[in-house]
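Single-letter residue listing:
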Amino acid sequence: MPESALSTFIILVVIGIVVGLIFNRYGRGWLGRQVADATGVGDITYSLIGIAGSFMGYHVGIILGLLPSALLYLIAIIGAALTLWLWRGR
């Protein structure tokens, strides 16, 4: 199944946004969300970090030689989640 670069780009952006929103909405408690909203760290920031993580995970999967595209997208999800988890722990 050949995929175009544009469709891969869009899928990785969507993966990053979804994982970022999940981390922002459900990854912290109520008080943490209130503090983050007061300091300006919200949905957009988490989505951008998630997008960066999904691209990193996807390309690490390519470097490791994982060729089936579904597996690469799974690695992209893991990459986005790992990047958000590491970024949030700063």
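In what follows, the structure referred to is the one given above.
Residues numbered from 1 in each chain as written. Predicted model: local features only at pLDDT ≥ 70, side-chain atom pairs only at ≥ 80, totals over all residues. Heavy atoms only, no water.

## Thoughts on the overall build of the protein chain
Check the secondary structure of the protein chain and you find 4 helices and 0 strands. Listing the helices and strands of the protein chain from first to last along the sequence gives α-α-α-α. A total of 90 residues make up the protein chain; the buried ones form 31% of that total. Residue pairs at least 24 apart in sequence account for 69% of intrachain contacts in the protein chain once pairs closer than 6 positions are excluded. As displayed, the protein chain offers around 5700 Å² of accessible surface, 76% of which is attributable to carbon and sulfur atoms. (Helix = DSSP H or I, 4+ residues; strand = E, 2+ residues; numbered from the N terminus. Buried < 20%, exposed > 50% of the residue type's maximum accessible area, 1.4 Å probe, protein only. Contact = heavy atoms within 4.5 Å. Areas by Shrake-Rupley, 256 points an atom, 1.4 Å probe, with all protein chains shown as cover.)

## Brief notes about the nonpolar core
Counting 11 residues, the largest nonpolar core is built from Leu 12, Ile 15, Val 19, Phe 23, Tyr 46, Tyr 58, Leu 72, Tyr 73, Ala 76, Ala 80 and Leu 84. Residue assignment for this core shows that the elements contributing at least two residues are helix H1 (5-26), helix H3 (43-63) and helix H4 (69-88). Sort the elements by how many residues they give to this core and H4 lands first, with 5 residues. Those residues within four positions of Tyr 58 in sequence are excluded, and the remaining contacts are Thr 8, Leu 12, Leu 72, Tyr 73 and Ala 76. (Core = buried A, V, L, I, M, F, W, Y, C linked by side-chain atoms within 4.5 Å.)

## What about the packing of H3 against H4?
At their nearest, the axes of H3 and H4 sit 6 Å apart, and the two run at 130° to each other. One way to sum up the angle between H3 and H4 is to call them oblique. Crossing hand, H3 versus H4: right-handed. Across the interface between the two elements, Thr 45, Tyr 46, Ile 49, Gly 50, Gly 53, Ser 54, Met 56, Gly 57, Tyr 58, Gly 61 and Ile 62 from H3 touch Leu 72, Tyr 73, Ile 75, Ala 76, Gly 79, Ala 80, Thr 83, Leu 84, Trp 87 and Arg 88 from H4. Grouping the amino acids of the contact of H3 with H4 by side-chain chemistry returns 12 nonpolar, 8 polar and 1 charged. (Axes fitted to C-alpha atoms, helices over the stretch in contact; angles between N-to-C directions. Parallel < 35°, antiparallel > 145°, perpendicular 65-115°, else oblique. Left-handed = near helix turned anticlockwise from the far one by under 90°. Nonpolar A, V, L, I, M, F, W, Y, C, P; charged D, E, K, R; others polar.)

## Comments concerning H4
Spanning 20 residues, H4 covers 28 Å between terminal C-alpha atoms, matching the ideal 28 Å at 1.5 Å per step. Three or more residues of H4 are buried, namely Leu 72, Tyr 73, Ala 76, Gly 79, Ala 80, Thr 83 and Leu 84. In an axial view of H4, the angular spread of the buried residues amounts to 125°, which keeps them on one side of the axis. Of the residues in H4, the exposed ones pointing more than 90 degrees away from the buried face are Ala 70, Trp 85 and Leu 86. Lining the buried residues of H4 we find H1 and H3. (Expected span 1.5 Å × (residues − 1). Arc of directions from axis to C-beta.)

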